[in-house]
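An overview of the molecular structure
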Amino acid sequence: MLSTTTGVRVLYEDDLPLLQTLIDRDPIVNLFVDHRATTTRLQARWLGGEVWGYFEDGTLVSACHVGANLVPVEATDRAVDAFAYRAESHGRLSSSIVGPRDAVVRLWDHLAPEWGPARSLRLDQPFLEIAGPPAVTPDPRLRPVLIDEIDLLYPASVAMFTEEVGESPELPGRNSYRARVTQLVSRGWAYAIIEDGEVLFKAEVGSATARGCQVQGVYVSPEHRGKGLGTAGMAAVVERAQREVAPVVSLYVNDYNIPARRVYERVGFVQTTTFASVLF
């Protein structure tokens, strides 16, 4: 393996132990990259991109996932500056920059002139975790979505994405969103409350390791909001995910989404850090 004294280089399968040691500094905050590295073994054909490592005096100090999402890992200021320089030379290949706020904001400060304008800047996203049982009674109706229920789930998934991101996931040029939803259902990572052929509540596990998982796509049908369904449904997601997937459940939420933040607080989530997202 090519050694690097100080600077950035692509990480390969032989570098997995070094990367894992870095990830282990905060395995829940770094869960997405942990999941990607573990499932792809850093092989480009599965990763759909690269993971860059920043070395100082031969020691791996920071890393950055470079694919559909640009995600810094334990990124120091020097590492961010080096990653930004390399990213500028490669051009924008990512649809978002996501991760701990300080690193994301510093990356964006460097990349904005070349990669901008951003479609949306979300620079204050509380990152929440829950390691114990939910603080409220879970809704017993929540269950994994069956593979033959994708046609029921998919419209709710599109509605959630459109409401959250501000545009439809079915716009020309996007990767197949339906394929992603199908993948989560087939893994048993899509949960919902379905009654009379209607999805009342849904959420998915987007990434997972043996130590934690990250929930995404939380959605309550508009006509059923304000009735406590989101709180009881989310409590059920936590209970099931802890039992079936991993012991710690995490997510991040926009600071201005006060109803969702109240739901997560009632369920028992606590903020451990702050994320930021730049969407293109």
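Quick note: structure is the one above.
The paragraphs below set out a description of the structure included in this document. Predicted, not measured: the structure shown is a model, and the values here were computed from it.

Tallied over the full model, the rule gives 17 salt bridges. Residues Arg119 and Glu167 are paired through a salt bridge, measuring 3.7 Å at the closest nitrogen-oxygen approach. Taken together, the residues span a long stretch of sequence, with Arg119 in the loop between helix H5 (101-115) and strand E6 (120-130) and Glu167 in the loop between helix H6 (150-165) and helix H7 (177-187) at a distance of 48 residues. With a relative accessible area of 23%, Glu167 lands in the partly exposed category. Asp139 is paired through a salt bridge with Arg141; the nearest N and O atoms lie 2.8 Å apart.

Attention shifts here to the packing of aromatic side chains. For the coordinates displayed, the defined rule picks out eight aromatic pairs. Pairing Tyr264 with Phe269 gives two aromatic rings, centres 5.7 Å apart and planes at 65°, and the pair type is edge-to-face. The same class applies to Tyr264 as to Phe269, namely buried. Cluster of aromatic residues (ring-pair linked, three or more members): Trp108, Trp115 and Phe280. The ring of Trp189 carries Arg187 above its face, with NZ or CZ at 4.8 Å from the centroid.

Read from one edge to the other, the open sheet built from 12 strands follows the order E1-E2-E3-E4-E5-E12-E6-E11-E10-E9-E8-E7, with strand pairing classed as mixed. Sheet topology places strand E1 (7-10) and strand E7 (143-144) at the edges, where each strand pairs with a single neighbour. Looking at chain direction, strand E8 (residues 190-195) and strand E9 (residues 198-208) are connected through six bridges and run antiparallel. Along E9, the bridge assignment pairs Tyr191 with Ala203. Strands in contact with helix H2 (residues 31-40) are strand E3 (59-66), strand E4 (69-73), E9 and strand E10 (212-220); relative to E9, the strand with the most contacts, it is inclined by about 70°. Contacts between H6 and the sheet are confined to E6, E8, E9 and E10, with E9 contributing the most and set at about 70° to the helix.

What follows concerns H6. Owing to its 3.6 residues per turn, the α-helix brings residues three or four apart onto one side. Over its 16 residues, H6 extends 21 Å from the first C-alpha to the last, a length consistent with the 22 Å expected when each residue adds 1.5 Å. Considered for burial, the residues of H6 that qualify are Ile150, Leu153, Tyr154, Ala156, Ser157, Val158, Met160, Phe161 and Val165. Close packing links the buried residues of H6 with E6, H7, E8, E9 and E10. At the C-terminal side of H6, Gly166 shows a positive phi close to 100°.

Let's shift gears to the pairing of E9. Here E9 lies mainly inside the structure; 10 of its 11 residues are buried. In this structure, the hairpin formed by E8 and E9 is closed by a connection of two residues, where Asp196 is found at a positive phi of approximately 50°. Pairing between E9 and E10: six bridges, direction antiparallel. Paired with Glu204 across the strands is Gln216, a residue of E10.

A separate point is the pairing of strand E2 (residues 50-56). Among the seven residues of E2, five are classified as buried, and the element is accordingly described as predominantly covered. Bridge count for E1 against E2 is four bridges, and the pairing is antiparallel. Across the sheet, residue Val10 finds its bridge partner in E2, namely Trp52. In the sheet, E2 pairs with E3 via seven bridges, with the strands oriented antiparallel.

Our focus in this paragraph is the side chain of Ser157. Take Ser157: it is sitting in helix H6. The class of Ser157 is buried, set by a relative accessible area of 1%. Not counting residues within four places of it along the chain, the set of residues in contact with Ser157 comprises Tyr177, Val181, Lys202 and Glu204.

A general trend in soluble globular proteins is that nonpolar side chains are found buried together. If you look at the biggest cluster of nonpolar residues, it comprises 31 residues, and the most contacted ones within it are Phe201, Met234, Val249, Leu251, Tyr264, Val267 and Phe269. When contributions to this core are tallied by element, the ones reaching two or more residues are E6, E8, E9, E10, helix H8 (229-244), strand E11 (248-252) and helix H9 (258-267). Top contributing element to this core by residue count: H8, with seven residues. Apart from the residues lying within four places of it in its own chain, the contact partners of Phe269 are Leu128, Glu129, Ile130, Met234, Val238, Val249, Ser250, Leu251 and Tyr264. Core analysis: the second largest hydrophobic core is formed by 23 residues, Tyr54, Val61, Leu70 and Ile97 among them.

So, about the packing of H6 against H7. Viewed as axis vectors pointing N to C, H6 and H7 meet at an angle of 120°, and their least axial separation amounts to 10 Å. As summarised for this structure, H6 and H7 are arranged oblique, according to the angle between their axes. Between H6 and H7 lies a crossing whose hand is right-handed. Between H6 and H7, the residues in contact are Ile150, Asp151, Leu153, Tyr154, Ser157, Val158, Met160 and Phe161 and Tyr177, Arg178, Val181, Thr182 and Val185, respectively. Among the residues forming the contact of H6 with H7, the class breakdown is nine nonpolar, two polar and two charged.

Calculation notes
- Residues numbered from 1 in each chain as written.
- Predicted model: local features only at pLDDT ≥ 70, side-chain atom pairs only at ≥ 80, totals over all residues.
- Heavy atoms only, no water.
- Salt bridge = Lys/Arg side-chain N within 4 Å of Asp/Glu carboxyl O.
- Helix = DSSP H or I, 4+ residues; strand = E, 2+ residues; numbered from the N terminus.
- Buried < 20%, exposed > 50% of the residue type's maximum accessible area, 1.4 Å probe, protein only.
- Phe/Tyr/Trp six-rings, centres within 6.5 Å; stacked < 30°, edge-to-face > 60°.
- Lys NZ or Arg CZ within 6 Å of the ring centre and 35° of its normal.
- Pairing = 2+ DSSP bridges.
- Contact = heavy atoms within 4.5 Å.
- Axes fitted to C-alpha atoms, helices over the stretch in contact; angles between N-to-C directions.
- Expected span 1.5 Å × (residues − 1).
- Core = buried A, V, L, I, M, F, W, Y, C linked by side-chain atoms within 4.5 Å.
- Parallel < 35°, antiparallel > 145°, perpendicular 65-115°, else oblique.
- Left-handed = near helix turned anticlockwise from the far one by under 90°.
- Nonpolar A, V, L, I, M, F, W, Y, C, P; charged D, E, K, R; others polar.

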